[in-house]
Amino acid sequence: MDELTPRAIVEELDKYIVGQAEAKRAVAVALRNRWRRQQLPPELRDEVAPKNIIMIGPTGVGKTEIARRLAALAHSPFLKIEASKFTEVGYVGRDVESMIRDLTELAKNMVQHEEMELVQARAAELAEERLLDLLLPPPPGTQQDTGYATLDDLGEQHYQKTREKFRQYLHDGQLEDRFVELEVQDRNTPMIEVISGSGMEDMDINIKDMLGNIFPQRKKHRKAKVSEARTMLMQEESQKLIDLDNVIKEAVRRVEQSGIIFLDEIDKITGREGTTGPDVSREGVQRDLLPIVEGSTVNTKYGMVKTDHILFIAAGAFHVAKPSDLIPEMQGRFPIRVELQALEQADFVRILGEPQNALLKQYKALLATEGIDLAFTEDAIEDLAEIAERVNRQTENIGARRLHTILERLLDDISFSAPERSGESITIDCAYVHERLDDIVKSEDLSHFIL
């Protein structure tokens with residue numbers, strides 16, 4: 001985190017997201033403030049609350065992508081969830097605390113994966129020894145079989161020599177397609193159906209855990225190729241080498257200190273005060289969310305998790321409602337408001353070619369797998385951007401997502417016939433763009449459904 005200055009964070013975000021400088025600056029400062037808080041004395045550190053953010057802007061302008069890339073930069077546990085999935089306690093829907101449980105599960109998987117990477121070399125060695133035991137079972141009386149040698153030296157040497165030959169065959173890949181029989185854990189547990197209502201998301205998981213302790217662990221034999229068996233054995237050995245208690249402890253720490261929750265569609269639970277009908281339920285959802293955002297302790301299957309320092313990034317189009325329509329307590333917990341700009345033709349041109357994951361780069365790489373060299377002329381890119389901007393203006397503005405629809409329509413024939421056209425070089429020019437898209441764009445009724 002030391003080298004992740006706000007300027008460096010913005011530069012990293014610029015590699016994937018076009019424009020939206022104000023939003024990038026806001027999230028960069030929020031992330032840096034986390035590092036600054038960690039440098040404070042313990043007595044002051046707990047007093048500094050995260051500065052939660054509301055992103056306001058139409059769909060497809062980069063709100064989710066900014067939050068997702070930010071989490072990837074900081075290696076933080078990250079959860080994206082729609083606020084409209086939650087309902088008041090007592091109504092059908094998800095309990096608000098479930099997002100903390102989900103985030104903790106994600107963090108546990110993340111830490112576990114990191115720990116398994118660290119022990120991978122040792123796990124590979126142990127898996128290889130087990131593979132050799134399966135390929136060349138130790139004869140009775142060898143040291144591998146009983147723990148001490150009862151064979152004479154000549155028999156022991158002969159076995160070890162043969163084992164080393166098999167080891168070399170493994171390294172050379174000569175045994176990859178040979179089948180071996182290994183013992184694996186039978187994961188089938190008795191089926192119990194749980195009618196899941198509000199606050200019961202974890203009930204089925206807890207029952208499975210409980211039954212797993214009551215019923216004995218059953219093993220079953222299965223045959224697998226050496227290549228597959230190696231992966232399974234490495235997984236087993238990695239699990240044995242890592243300390244699960246430490247993994248859970250570190251996961252909970254990461255959630256509490258660096259977790260990020262992206263609350264999408266926050267405007268859908270924003271109701272105007274004094275109205276009746278579904279807006280009452282929307283305000284109830286906000287009141288249920290409030291303790292989590294303010295800071296509370298949530299019970300998860302990995303222990304108690306405090307939400308005081310989780311960073312919440314909310315986002316919404318706010319076409320009908322306004323951020324000021326949120327209940328006052330919720331407004332106070334989201335002190336930073338940033339507005340993202342609608343995308344224009346110049347932005348679409350940049351989106352098509354500039355980012356590291358630009359759409360044109362993706363399509364070129366996809367068709368290159370079929371042996372096709374795809375290229376786009378500058379005027380073709382300009383025309384695609386102009387069509388995207390026009391269709392967004394005439395129909396519904398869905399931002400950069402419109403480019404996906406247009407490019408799929410444009411390259412439909414090429415994608416379909418690609419296997420038969422291997423070795424060709426295809427250049428998409430202005431004429432080809434107009435030939436494929438003009439009729440659809442001119443017919444407003446068709447463009448509503450197709451583009």
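J.: Give me the overall build of the protein chain: which residues, what numbers.
T.: Summing up its helical and strand segments, the protein chain has 20 helices and 11 strands in all. Residue burial in the protein chain is summarised as follows: out of 451 residues, 41% are buried. Here the analysis covers contacts within the protein chain between residues at least 6 apart in sequence; of these, 77% occur between residues at least 24 apart. Within the structure as shown, the protein chain displays about 24,800 Å² of accessible surface, and the carbon and sulfur contribution to it stands at 50%.

J.: Tell me about unusual backbone geometry, and name the residues and values.
T.: Positive phi outside glycine occurs at Q20, with the angle close to 55 degrees. As for its placement among the helices and strands, Q20 is situated in the loop between α1 (6-14) and α2 (21-38). Under the relative-accessibility criterion, Q20 is labelled buried at 10%. Here the phi dihedral of E265 falls at roughly 55 degrees; this positive angle occurs in a residue that is not glycine. Inspection of the secondary structure assignment puts E265 in the loop between β5 (260-264) and α12 (278-294).

J.: Describe a negative patch on the surface, listing the residues and the values that go with them.
T.: A surface patch of negative charge is lined by E378, D379, E382 and D429. Tracing the chain through its elements places E382 in helix α16 (residues 378-394).

J.: If you had to explain the packing of aromatic side chains to someone new, which residues and values would you point to?
T.: The final tally for this structure, using the stated rule, is one aromatic pair. Between F166 and Y169, the aromatic rings sit 6.0 Å apart at their centres with planes inclined by 65 degrees, giving edge-to-face as the arrangement. Here Y169 and F166 lie together in helix α8 (residues 153-172), a separation of three residues that amounts to about one turn. F166 gets classed as buried once you look at its relative accessible area, which sits at 16%. A cation over an aromatic ring shows up here: R69 above the ring of Y16, its NZ or CZ 3.8 Å from the ring centre.

J.: Before we move on, can you summarise the layout of surface pockets with the specific residues and values?
T.: Its boundaries defined by the atoms lining it, the second largest pocket holds a volume of some 880 Å³. Contributing to the lining of the second largest pocket are 40 residues, with T59, G60, V61, G62 and R401 lying nearest its centre. Sorting the residues of the lining of the second largest pocket by element identifies α4 (63-74), β5, α12, β8 (311-316), α15 (359-368) and α17 (401-410) as the ones contributing at least two each. By residue number, the principal contributor to the lining of the second largest pocket is α4, which donates three residues.

J.: Which residues make up the nonpolar core, and what are the values?
T.: Nonpolar side chains tend toward joint burial in soluble globular proteins. Counting residues in each nonpolar core, the largest one holds 61 residues, and the members touching the most others are M55, I313, F376, L384, L407, L410 and I428. The element best represented in this core is α16, accounting for seven residues. With residues up to four places along the chain from it excluded, the contact list for L384 reads L352, F376, L403, I406, L407, L410, V433 and L437. I81, I100, I261 and F318 belong to the second-largest nonpolar core, a separate cluster that totals 40 residues.

J.: Would you mind going over helix α14 (residues 345-353) in detail, with residue names and values included?
T.: Here α14 has its buried residues at D347, F348, I351 and L352. The arc that holds every buried residue of α14, seen down its axis, measures 135 degrees, which confines them to one face. Looking at the buried positions of α14, the neighbouring elements they touch are α15, α16 and α17.

J.: Kindly report on the pairing of strand β1 (residues 53-56), identifying the contributing residues and their values.
T.: Every second residue of β1 is oriented toward a common face, with I53 and M55 on one face and I54 and I56 on the other, all of them buried. Pairing of β1 with β8 involves four bridges; the strand directions are parallel. Counterpart to I53 in the pairing with β8 is I313.

J.: Explain the confidence of the model for the protein chain to me, using residue names and the numbers behind them.
T.: As a general rule, the predicted coordinates of low-pLDDT regions are not to be interpreted in detail. For the protein chain, mean pLDDT is 81; residues scoring 70 or higher make up 83% of the total. Segment residues 191-199: pLDDT under 50, and 15 contacts once partners within four positions in sequence are set aside and those in other chains are kept.

J.: I'd love a proper account of the packing of helix α6 (residues 120-135) against α8, names of residues and values included.
T.: It is at 10 Å that the axes of α6 and α8 come closest, and there the two elements cross at 115 degrees. Overall, the two elements α6 and α8 adopt an arrangement that is roughly perpendicular. The handedness of the crossing between α6 and α8 comes out as right-handed. The segment α6 lies against α8, with E128, E129, L131, L132, D133 and L135 engaging Y159, R163, F166, R167, L170 and H171. Classifying every residue of the contact of α6 with α8 by side-chain character gives six nonpolar, one polar and five charged.

J.: Tell me about the sheet that holds β5, and name the residues and values.
T.: If you walk across this open sheet you meet the five strands as β2-β5-β8-β1-β9, and the pairing is parallel. Among the strands making up the open sheet, the edge pair consists of β2 (78-82) and β9 (336-339). Taken pair by pair, the neighbouring strands of this sheet meet at an average axis angle of 20 degrees, ignoring direction. The sheet contact formed by β1 and β9 spans four bridges and is parallel. Its bridge partner lying in β9, M55 is registered against V338. On the sheet, α2 packs against β1, β5, β8 and β9 and is oriented at approximately 150 degrees with respect to β9.

Parameters and conventions
- Residues numbered from 1 in each chain as written.
- Predicted model: local features only at pLDDT ≥ 70, side-chain atom pairs only at ≥ 80, totals over all residues.
- Heavy atoms only, no water.
- Helix = DSSP H or I, 4+ residues; strand = E, 2+ residues; numbered from the N terminus.
- Buried < 20%, exposed > 50% of the residue type's maximum accessible area, 1.4 Å probe, protein only.
- Contact = heavy atoms within 4.5 Å.
- Areas by Shrake-Rupley, 256 points an atom, 1.4 Å probe, with all protein chains shown as cover.
- Patch = residues over 30% accessible without salt bridge, like charges linked within 9 Å, V, L, I, M, F, W, Y side chains within 5 Å.
- Salt bridge = Lys/Arg side-chain N within 4 Å of Asp/Glu carboxyl O.
- Lys, Arg positive; Asp, Glu negative; His and termini not counted.
- Charge placed at Lys NZ, Arg CZ, Asp CG, Glu CD.
- Phe/Tyr/Trp six-rings, centres within 6.5 Å; stacked < 30°, edge-to-face > 60°.
- Lys NZ or Arg CZ within 6 Å of the ring centre and 35° of its normal.
- 1 Å grid on protein atoms, 1.4 Å probe; cavity = no way out; pocket = protein on both sides within 12 Å on 5 of 7 lines; lining within 4 Å.
- Points joined across faces, edges and corners; volume = space filled by probe spheres on them.
- Core = buried A, V, L, I, M, F, W, Y, C linked by side-chain atoms within 4.5 Å.
- Arc of directions from axis to C-beta.
- Pairing = 2+ DSSP bridges.
- pLDDT = per-residue confidence, 0-100.
- Axes fitted to C-alpha atoms, helices over the stretch in contact; angles between N-to-C directions.
- Parallel < 35°, antiparallel > 145°, perpendicular 65-115°, else oblique.
- Left-handed = near helix turned anticlockwise from the far one by under 90°.
- Nonpolar A, V, L, I, M, F, W, Y, C, P; charged D, E, K, R; others polar.

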